[in-house]
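Chain by chain, the residues:
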Amino acid sequence: MMTPSSQGVMSCPCCHHTIGGTATTCPNCHAEKHFGPVSREIILSSLIGFLLAPSVAFLLIPLSFWFVLIAAGGLFLGFAFAQYRFNTDRWICSKQSPHIKETD
Ligand SMILES: [Zn+2]
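From a predicted model like this one, the values you see are computed outputs, not experimental measurements. (Residues numbered from 1 in each chain as written. Predicted model: local features only at pLDDT ≥ 70, side-chain atom pairs only at ≥ 80, totals over all residues. Heavy atoms only, no water.)

Core analysis: the biggest nonpolar cluster contains seven residues, these being C12, I19, A23, C26, C29, A31 and W91. Look past the residues within four positions of A23 in its chain and what remains in contact with it is K33 and W91. (Core = buried A, V, L, I, M, F, W, Y, C linked by side-chain atoms within 4.5 Å. Buried < 20%, exposed > 50% of the residue type's maximum accessible area, 1.4 Å probe, protein only. Contact = heavy atoms within 4.5 Å.)

Okay, structure coming up:
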């Protein structure tokens with residue numbers, strides 16, 4: 001989809017402060033625009049895959065050296081899941097409380 005490059009303004013999705021249309025950080029609440037997953041999400045998804053795949057396999061087949069491959073496959077699937085799940089622009093809201101700078 002084509003979107004015209006805009007010089008306009010938008011409102012921060014986190015604090016609704018007016019910011020530039022091309023801004024990647026919000027000067028008011030320090031929210032950051034991210035493309036793709038943050039490292040925490042990649043690690044978490046990979047870890048879930050790494051633990052879940054052998055757990056499911058354990059119910060189906062006896063424990064064997066294949067579990068090493070299954071765990072590796074789960075790790076990869078978790079990693080891939082994170083890439084697909086979070087492959088859009090997102091605003092990561094800062095946990096800090098917004099602070100408004102005094103203008104001088
Ligand atoms: Zn903001």
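Once that is clear, we can look at the coordination of the zinc ion. Here the zinc ion is held by the protein donor atoms C12 (SG), C15 (SG), C26 (SG) and C29 (SG), which lie 2.2 to 2.4 Å from it. Seen from the zinc ion, its four donor atoms lie at angles of 106 to 114 degrees, and the figure they make is tetrahedral. Each donor residue of the zinc ion belongs to the same chain, and together they define the spacing C-x2-C-x10-C-x2-C. For C15, a relative accessible area of 23% puts it in the partly exposed group. (Donors = N, O, S within 2.8 Å, 3.2 Å for Na, K, Ca; no water. Tetrahedral: all angles 85-135°; square planar, octahedral: opposite > 155°, others 65-115°.)

In short, geometric facts, not functional conclusions.
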